[in-house]
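The chain contents come next:
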Amino acid sequence: MSASSSSITPVADRPVPRPGVLAIEAYVPGKAQAGGAVKTYKLSANENPLGPSPKAREAFHAADALELYPDGSSTKLREAIAGAYGLDAGRLVCGTGSDELITLIAAAYAGPGDEVIYSQYGFLVYRIATLAAGATPVVVPEKNLTADVDALLAAVTEKTRIVFLANPNNPTGTYLPFDEVRRLQRGLPSHVLLVLDAAYAEYVRRNDYESGIELVATARNVAMLRTFSKIHGLAALRVGWLYGPAEVVDAVNRIRGAFNVNSAAIAAATAAIGDTAHVEAAVAHNDVWLAWVTDALTALGLTVTPSVGNFVLAHFRDVEGRRARDADAFLSARGLILRRMDAYGLPGALRITIGTEEANRLLVAVLSEFLGSKEPGHGA
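What you are looking at is a predicted structure, and each value in this text was computed from that prediction instead of being measured.

A. Region of the structure containing helix H12 (residues 324-332). Among the residues making up H12, those that are buried are Ala 324, Ala 327, Asp 328, Leu 331 and Ser 332. Down the axis of H12, the buried set is contained in an arc of 125 degrees. They therefore lie on one face. Along its buried surface, H12 packs onto strand S11 (336-337), strand S12 (339-340), strand S13 (349-353) and helix H13 (357-371).

Here it is, written out as structure tokens:
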């Protein structure tokens with residue numbers, strides 16, 4: 001041992017993660033099984049009840065060259081996305097779900113001493129990605145469970161590097177009209193990156209909503225994220241994509257894994273985006289049953305946050321035996337798996353995915369039993 005190395009004072013008796021890592025609370029997905037012998041209806045993860053396109057399923061099974069590395073640039077998929085939306089394929093990046101892209105953006109644009117802003121009930125991965133990058137999360141209060149543009153702008157400091165905005169938001173199902181999104185972008189310093197997470201964009205049926213494509217095309221500090229996990233029913237394959245300025249795409253490509261999207265995922269997603277009939281069927285199903293579930297739960301006396309996604313947030317009374325956790329246990333025992341909202345700071349609520357007709361009707365019947373009232377007479 002050299003004299004210089006022997007003079008080094010150890011700081012710990014084992015490897016220690018850098019500051020911030022141990023402050024991360026690991027993401028805990030919703031339950032997938034109820035246990036016991038009852039049939040399970042998983043309404044905890046906002047998955048598409050119609051499943052994937054048959055064309056996507058066929059493409060997945062045909063991708064059997066397991067010995068070969070995938071195309072590291074996801075070229076066919078990027079070209080398919082570009083063709084579907086009229087975009088420049090060179091300004092697209094594909095990732096292992098939009099989660100990976102969130103992490104890559106944080107790693108590329110934020111670090112120790114920087115701040116990353118997101119709203120109070122924003123997606124939990126924003127906090128995880130921020131802390132993993134060594135940056136400081138800045139959580140901004142919402143107004144009526146909806147992102148507040150004035151509050152977001154007021155939180156900006158000279159340390160701000162990124163603003164994440166889920167629009168529509170998960171888990172609340174609320175959204176910002178695009179005039180408000182544009183106002184947010186105009187109010188940000190030009191060096192602050194606005195990331196529009198539009199995972200549920202395809203479900204929205206509001207004239208004042210836009211996913212962000214036009215804004216990305218005209219602004220140098222805006223990127224948009226989308227996913228194949230929701231409307232396309234490919235959650236198991238983990239495919240997401242980013243549309244952004246050339247500089248953002250370049251930065252993300254420099255740090256992403258060389259083969260981050262697997263061949264089967266590329267093939268299935270490429271086929272899925274071309275099957276517009278399947279997407280339209282999924283949207284039509286959601287249009288009918290989102291309204292039906294919302295009306296039925298409201299008729300049972302629950303408060304339901306108006307949602308534009310493929311899920312609803314139902315609020316339970318703070319009454320012994322009738323709280324959200326009690327409802328969750330009661331439903332789970334009958335095979336209905338919902339998402340507890342404790343991790344989001346909403347312990348009085350459950351998030352409920354819009355499922356099949358069978359699942360939706362059973363949900364209302366069992367909740368009616370739990371609440372001790374008669375099942376309302378709604379028809380679809």
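B. Fine view of the packing of helix H11 (residues 276-299) against H13. Closest axis-to-axis distance for the H11/H13 pair is 11 Å, and the angle between their directions is 5 degrees. Put simply, H11 runs roughly parallel to H13. For the pair H11 and H13, contact is made by His 285, Trp 289, Trp 292, Val 293, Ala 296 and Leu 297 and by Glu 357, Asn 360, Arg 361, Leu 363, Val 364 and Leu 367, respectively. For the contact of H11 with H13, the class distribution of residues is eight nonpolar, two polar and two charged.

C. Representation of the sheet that holds S12 within the structure. Taken together, four strands build an open sheet; the order of strands is S9-S10-S13-S12 and the sheet is antiparallel. In the strand order of this sheet, the two ends are held by strand S9 (303-305) and S12, each with one partner. As paired elements, strand S10 (residues 311-315) and S13 share five bridges and run antiparallel to each other. Paired with Val 312 across the strands is Ile 352, a residue of S13. The sheet strands contacting H12 are S12 and S13, and the helix crosses S13 at an angle near 40 degrees.

D. Representation of the packing of aromatic side chains within the structure. Tallying each qualifying case throughout the model produces ten aromatic pairs. Arranged with centres 5.1 Å apart and planes meeting at 70 degrees, the rings of Tyr 200 and Phe 311 form a pair that is edge-to-face. Note that Tyr 200 is positioned in the loop between strand S6 (193-197) and helix H8 (213-218) and Phe 311 in strand S10, a separation of 111 residues in sequence. Comparing Tyr 200 with Phe 311 shows no difference in burial state: the two are buried. Relative to Phe 370, the ring of Phe 316 has its centre 6.5 Å away and its plane inclined at 70 degrees; by these criteria the two rings are edge-to-face. You can see Phe 316 sitting in the loop between S10 and H12 and its partner Phe 370 sitting in helix H13, a full 54 residues away along the chain. Residue classification places Phe 316 among the buried residues on the basis of a relative accessible area of 9%. Accessibility expressed as a relative area gives 5% for Phe 370, which makes it buried. Joined through ring pairs, the aromatic side chains of Tyr 118, Phe 123, Tyr 126 and Phe 164 make up one cluster. Taking the ring centre of Phe 330 as reference, the NZ or CZ of Arg 334 above it sits at 3.7 Å. We note Arg 351 situated over the ring of Phe 311; from NZ or CZ to the ring centre the distance is 5.9 Å.

E. Representation of the pattern of salt bridges in the model. Considering all chains together, one arrives at 18 salt bridges under this definition. The partner of Glu 202 in a salt bridge is Arg 226, with the nearest N and O atoms 3.3 Å apart. Of this pair, Glu 202 sits in the loop between S6 and H8 while Arg 226 sits in strand S7 (residues 222-227); the two residues are 24 residues apart in sequence, bridging distant segments of the chain. In this structure Glu 202 comes out as buried when scored by relative accessible area, which is 13%. Here Asp 250 and Arg 254 are joined by a salt bridge, their closest N and O atoms 2.8 Å apart.

F. Inspection of the packing of H12 against H13 at higher detail. At their nearest, the axes of H12 and H13 sit 10 Å apart, and the two run at 125 degrees to each other. For the element pair H12 / H13, the angle class is oblique. Handedness of the H12/H13 crossing: right-handed. Taken together, the residues of H13 that come into contact with H12 (itself represented by Asp 326, Ala 327, Phe 330 and Leu 331) are Leu 363, Val 366, Leu 367, Glu 369 and Phe 370. By residue class, the composition of the contact of H12 with H13 is seven nonpolar, no polar and two charged.

G. Layout of the environment of Glu 100. Mapped onto the secondary structure, Glu 100 falls in helix H4 (residues 97-109). Judged by relative accessible area, Glu 100 falls into the buried class, the value being 19%. Spatially, the C-alpha atoms of Glu 100 and Asn 260 are 9.1 Å apart, while their sequence positions differ by 160 residues. Ignoring sequence-local partners within four residues, the contact set of Glu 100 consists of Gly 95, Gly 257 and Asn 260.

H. Region of the structure containing the sheet that holds strand S4 (residues 136-140). Across the sheet, which stays open at both edges, the seven strands sit in the order S2-S8-S7-S6-S5-S3-S4 with mixed pairing between neighbours. With one partner strand each, in any of the chains shown, strand S2 (92-95) and S4 form the two edges of the open sheet. Between one strand and the next, the sheet's axes are offset by a mean angle of 20 degrees, whatever the strand orientation. Looking at chain direction, S7 and strand S8 (residues 240-243) are connected through four bridges and run antiparallel. Bridge pairing in S8 places Arg 226 opposite Trp 241. The strands touched by helix H3 (residues 75-85) within the sheet are S2, S7 and S8, with S2 carrying the most contacts at an inclination of about 125 degrees.

I. Fine view of the nonpolar core. Core analysis: the biggest nonpolar cluster contains 51 residues, and Leu 165, Phe 228 and Trp 241 have the highest contact counts within it. Per-element accounting of this core gives the leading share, six residues, to helix H10 (residues 263-274). Not counting residues up to four positions away in its chain, the partners in contact with Phe 228 are Leu 77, Ile 81, Gly 233, Leu 234, Ala 235, Val 239, Trp 241, Ala 269 and Ile 273. Within the second largest apolar cluster, 33 residues are counted, among which are Val 93, Ala 133, Ile 162 and Val 248.

Here is what the cut-offs are and how they apply
- Residues numbered from 1 in each chain as written.
- Predicted model: local features only at pLDDT ≥ 70, side-chain atom pairs only at ≥ 80, totals over all residues.
- Heavy atoms only, no water.
- Buried < 20%, exposed > 50% of the residue type's maximum accessible area, 1.4 Å probe, protein only.
- Helix = DSSP H or I, 4+ residues; strand = E, 2+ residues; numbered from the N terminus.
- Arc of directions from axis to C-beta.
- Contact = heavy atoms within 4.5 Å.
- Axes fitted to C-alpha atoms, helices over the stretch in contact; angles between N-to-C directions.
- Parallel < 35°, antiparallel > 145°, perpendicular 65-115°, else oblique.
- Nonpolar A, V, L, I, M, F, W, Y, C, P; charged D, E, K, R; others polar.
- Pairing = 2+ DSSP bridges.
- Phe/Tyr/Trp six-rings, centres within 6.5 Å; stacked < 30°, edge-to-face > 60°.
- Lys NZ or Arg CZ within 6 Å of the ring centre and 35° of its normal.
- Salt bridge = Lys/Arg side-chain N within 4 Å of Asp/Glu carboxyl O.
- Left-handed = near helix turned anticlockwise from the far one by under 90°.
- Core = buried A, V, L, I, M, F, W, Y, C linked by side-chain atoms within 4.5 Å.

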